[in-house]
Amino acid sequence: MLYRKPIMIFIVTVAWMFSTGCSIYRIVDSYAGVEVRVGTEYKQDDALATLRIEENVVFESIGPLCLPIIPLVNSNKITVISFLLLRNEHPFSINAKPCIVTDASKKICANMLTASAKATFPHDYIKSHEEPKDRLYGVIGAILSREAKKYGAFEREDELLVDPSEDNSVSRIGTEELYKHYNYGGDPRWEDLQITFTYTFTCAGSCPNKFTLDAKDFLTIGNEMFLDAEYDYVKKERQKRFYFMF
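Bear in mind the structure is a predicted one, so any value in this text is a computation, not a measurement.

Here is what the cut-offs are and how they apply
- Residues numbered from 1 in each chain as written.
- Predicted model: local features only at pLDDT ≥ 70, side-chain atom pairs only at ≥ 80, totals over all residues.
- Heavy atoms only, no water.
- Pairing = 2+ DSSP bridges.
- Helix = DSSP H or I, 4+ residues; strand = E, 2+ residues; numbered from the N terminus.
- Axes fitted to C-alpha atoms, helices over the stretch in contact; angles between N-to-C directions.

Section: the sheet that holds strand β15 (residues 210–214)
Strand order in this open sheet of five strands is β2-β18-β15-β9-β10, and the pairing throughout is antiparallel. Of all strands in the sheet, those with a lone pairing partner are β2 (31–33) and β10 (107–109), marking the two edges. Each adjacent strand pair in this sheet contributes to an overall mean axis angle of 30°, direction not counted. In the sheet, strand β9 (residues 99–102) pairs with β10 via three bridges, with the strands oriented antiparallel. Note that in β10 the partner of Val 101 across the bridge is Lys 107.

Below, the structure written as structure tokens:
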């Protein structure tokens, strides 16, 4: 029958890929801050907050060597990631509905927000525990201790998901929502808490060459505002990448 021909072509292509290796073709867009001096990183003795724009794979395909003809990804989005590291207990909250303004004065608001957390607990430190700087940048990836697993703290694999486009969605999320998601009631007491907030802005068509992220009233830690500004970004030269796997 006629429908069998495309299936056979696909099977032959996959078999060829596994026998000879395969190649991946990607088209990647990325953005750079217009003024680096406008800080997208804030650090105190017991807190670190950062903001960055993730690379976006606009298009991706896979196939036999030198013939990546099977499309896998075709997307137009801007991904903003905010990272928060706390070394002492502080109440915090972050804007759940930030927006960007394009160079054509069009506003695009986040249509998805995910938040994930990891923590380290007593008796779970690496050798650099005595080095504050190393702790700040190295301990965040440490494996949860047996004590923490015993209590089930921060063990959920699924992320906290917020749909900012819903009319009844919260305007900010923070300590209360995160602790509730991870069923954490404060025991055992964590030593370091790492939270990653990922915002997705979906573009109608191609994403803009320039945009401004309105981060005013963005992140509150205790009684202080962090990343409380507008940040301008410009699209870098589009990259085309080939990968070969044997």
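Digging into the sheet that holds strand β4 (residues 47–54)
Read from one edge of the open sheet, six strands run β3-β4-β7-β14-β11-β12, paired in antiparallel fashion. Two strands bound the open sheet, and with one partner strand each, they are β3 (41–44) and β12 (160–162). With direction set aside, neighbouring strand axes in the sheet form an average angle of 15°. Here three bridges tie strand β11 (residues 112–120) to β12, and the two strands are oriented antiparallel to one another. Across the sheet, Thr 114 pairs through a bridge with Leu 161, a residue of β12.

Note that every value here comes from positions in space, so none of it alone points to a role or purpose.
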